[in-house]
Amino acid sequence: MSLTSKGFPLFLTFDLDAETMWTARDPSYASRPILMSQGAYGWKVGTGRVLELLARYGVTSTFFVPGLVIDQRPELMEQILKAGHEIAHHSYSHAWILSLTPEQEREEMEKGIEAIQRVSGRKPRGWRSPAAEISAVTMPMLVEYGFDYSSNFFDDDSPYLHTVEGRKTDIVELPFRWCSMTRRSSSTPSYCPAAPCRRPRRWPRCGSRNSTRSMPKAG
């Protein structure tokens, strides 16, 4: 994990949803090239600029990427991994969890894991929900599939351990808050944990759909 100039842990994360931000809502959107260009900006331009910026400051980061985007853009995933960054689970198709059956949600989970394994050679450690929602089966599945951390909730400024089905687990929650780092496209947004970016505090707080608390104000 990177540290800030003040020595605070920095967990900076980015969601690379690309076109799935729209196609998960309505597959027919794939036939609307101008609409799709908003998502394409993320993988064509935005991610490269983010990688350059991170390299300039010697910061390693986490990219939450839907498995479909991983399968479509393997060269970009290789660039992310080669630069020392983590690729974490962000569903397979970015489908809204609350609209899925438990069986469909499991399929999204398994296909996303398989996509990350294909490109990185290892199972993902972290998971972030598409559209910031979970179902009754989500947290038990994170336990079942051996995830180390979740970055989904807004209820604290600091990490904490999840209790699932009445039992304390080893899954760490890294709370975040939304931070948009580019106006051009929402497909490569950045997010921060709950506390404001303006004031350094003792845990990461700012970054990209992120769990950082002591980064300078984004933007």
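What comes next concerns the included structure. Nothing here was measured: the structure is a model prediction, and the numbers come from that model. (Residues numbered from 1 in each chain as written. Predicted model: local features only at pLDDT ≥ 70, side-chain atom pairs only at ≥ 80, totals over all residues. Heavy atoms only, no water.)

### Some remarks on the overall build of the chain
Of regular secondary structure, the chain possesses six helices and 11 strands. Surface summary for the chain: the accessible area is close to 10,900 Å², and the carbon and sulfur share equals 51%. (Helix = DSSP H or I, 4+ residues; strand = E, 2+ residues; numbered from the N terminus. Areas by Shrake-Rupley, 256 points an atom, 1.4 Å probe, with all protein chains shown as cover.)

### Notes on the pattern of salt bridges
Counted according to the given criterion, the structure contains four salt bridges. A salt bridge links Arg 106 to Glu 144, with the shortest nitrogen-to-oxygen separation between them at 2.9 Å. One end of the pair, Arg 106, is in helix H5 (residues 102-120); the other, Glu 144, is in helix H6 (residues 138-144), with 38 residues separating them in the sequence. By relative accessible area, Arg 106 is classed as partly exposed at 29%. (Salt bridge = Lys/Arg side-chain N within 4 Å of Asp/Glu carboxyl O. Buried < 20%, exposed > 50% of the residue type's maximum accessible area, 1.4 Å probe, protein only.)

### Digging into the packing of aromatic side chains
Under the criterion given, the structure shown has three aromatic pairs. Each ring, one from Phe 64 and one from Tyr 149, has its centre 6.4 Å from the other, and the planes form 80 degrees; the classification is edge-to-face. Linking Phe 64 in strand S4 (residues 62-65) with Tyr 149 in strand S7 (residues 149-150), this pair joins segments that are 85 residues apart in sequence. Here Tyr 149 falls in the buried class, since its relative accessible area comes to 7%. (Phe/Tyr/Trp six-rings, centres within 6.5 Å; stacked < 30°, edge-to-face > 60°.)

### Some thoughts on helix H4 (residues 74-82)
The α-helix winds at 3.6 residues per turn, so residues separated by three or four positions along the chain end up facing the same way. Three or more residues of H4 are buried, namely Leu 76, Met 77 and Ile 80. Taken around the axis of H4, the buried residues stretch over an arc of 100 degrees, which confines them to a single face. In H4, the exposed positions that point more than 90 degrees away from the buried face belong to Glu 75 and Lys 82. Elements in contact with the buried residues of H4: helix H2 (33-57), S4, helix H3 (67-72), strand S5 (86-89) and H5. Downstream of H4 by one or two residues, Gly 84 has phi in the positive range, about 90 degrees. (Arc of directions from axis to C-beta. Contact = heavy atoms within 4.5 Å.)

### What about the environment of Pro 74?
Tracing the chain through its elements places Pro 74 in helix H4. Judged by relative accessible area, which is 30%, Pro 74 ranks as partly exposed. The spatial distance from the C-alpha of Pro 74 to the C-alpha of Ala 115 is 9.8 Å, given a sequence separation of 41 residues.

### Let's talk about unusual backbone geometry
Peptide bonds are mostly trans, and most non-glycine residues show a negative phi. Unusually for a residue other than glycine, Ala 18 sits at a positive phi of about 50 degrees. Along the chain, Ala 18 turns up in the loop between strand S3 (13-15) and helix H1 (20-23). In this structure, Glu 165 is a non-glycine residue whose phi angle is positive, near 50 degrees. Structurally, Glu 165 can be placed in the loop between strand S8 (160-164) and strand S9 (167-173).

### A word on the nonpolar core
Counting residues in each nonpolar core, the largest one holds 20 residues, and the members touching the most others are Leu 54, Phe 63, Val 65, Ile 70, Met 77, Ile 80 and Ile 87. Among the elements of the structure, H2, S4, H3, H4 and H5 are those that each provide at least two residues to this core. Ile 70 has contacts with Val 65, Met 77, Ile 87, Ala 115, Ile 116 and Val 119, leaving out every residue within four places of it along the chain. Judged by nonpolar contacts, the second largest core, of 11 residues, contains Met 139, Leu 142, Val 164 and Ile 171. (Core = buried A, V, L, I, M, F, W, Y, C linked by side-chain atoms within 4.5 Å.)

### Overview of the environment of Glu 52
Relative to the assigned elements, Glu 52 resides in helix H2. Residues Glu 52 and Ala 83, spaced 31 residues apart in sequence, show a C-alpha to C-alpha distance of 9.7 Å.

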